[in-house]
Amino acid sequence: MKSLICIIFVIFGITNNGQHSLTTESPFPQIDQIALSLKNSSSKDLAQFFDSSVEIKLGEIRGDYSKSQAEIVMRDFFKKFPAVSFLVLQQGESAEKIRYIIGKYQSKTDSFRILVKGKSKVDDQLKIYGLEFSKE
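Residues numbered from 1 in each chain as written. Predicted model: local features only at pLDDT ≥ 70, side-chain atom pairs only at ≥ 80, totals over all residues. Heavy atoms only, no water.

**Q** Please clarify how the pairing of strand β6 (residues 126–135) should be interpreted in this entry.
**A** In the case of a regular strand, side chains alternate between the two sheet surfaces. Pairing of strand β1 (residues 50–58) with β6 involves 5 bridges; the strand directions are parallel. Looking across to β6, one finds that Ile56 is bridged to Leu131. Judged from the 9 bridges that link them, strand β5 (residues 111–120) and β6 form a sheet pairing that is antiparallel. From the neighbouring strand, Val116 faces β6, where its bridge partner is Leu131. (Pairing = 2+ DSSP bridges. Helix = DSSP H or I, 4+ residues; strand = E, 2+ residues; numbered from the N terminus.)

Now the structure itself:
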């Protein structure tokens, strides 16, 4: 009898967890596209998500760039450090409605921790206003 009750709880727990994961929406709808842009080292695809002004920090170098300038900065970075892989480590939203991704960017020679910061604009479209690359 005890084993039957345990089996019922296990089955219910598995079914309940499966239903929860199916109904949970990502707080960051464009995360897959942004992650793919980083994994493919595509400044053009990444720039689709840039706000009109983007703050980029590459190690100790920091600058505020227009959307087109930021695309050029990222294109130069990707040429110097083409991606071997990109893994999303964490994603979420702060109390101030700032959405973020923390990920690990791996090139052939170096590894970087990336912080992507953005806010939702019209039609819940995410616009990136900040990128931080820290060498690991």
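Text resumes after the structure shown.
**Q** How should I be thinking about the pattern of salt bridges in this particular structure?
**A** Side-chain pairing between opposite charges can occur once the charged atoms of the two side chains come close. One pass over the full model with this rule turns up 6 salt bridges. When the shortest N-O distance is used, the salt bridge between Arg62 and Glu55 registers 2.8 Å. With relative accessibility at 51%, the residue Arg62 sits in the exposed group. Of the charged contacts in the structure, one is a salt bridge between Glu132 and Lys117, with a shortest N-O distance of 3.3 Å. A residue pair is termed long-range when its members are at least 10 positions apart, and Glu132 in strand β6 and Lys117 in strand β5 qualify at 15 residues. (Salt bridge = Lys/Arg side-chain N within 4 Å of Asp/Glu carboxyl O. Buried < 20%, exposed > 50% of the residue type's maximum accessible area, 1.4 Å probe, protein only.)

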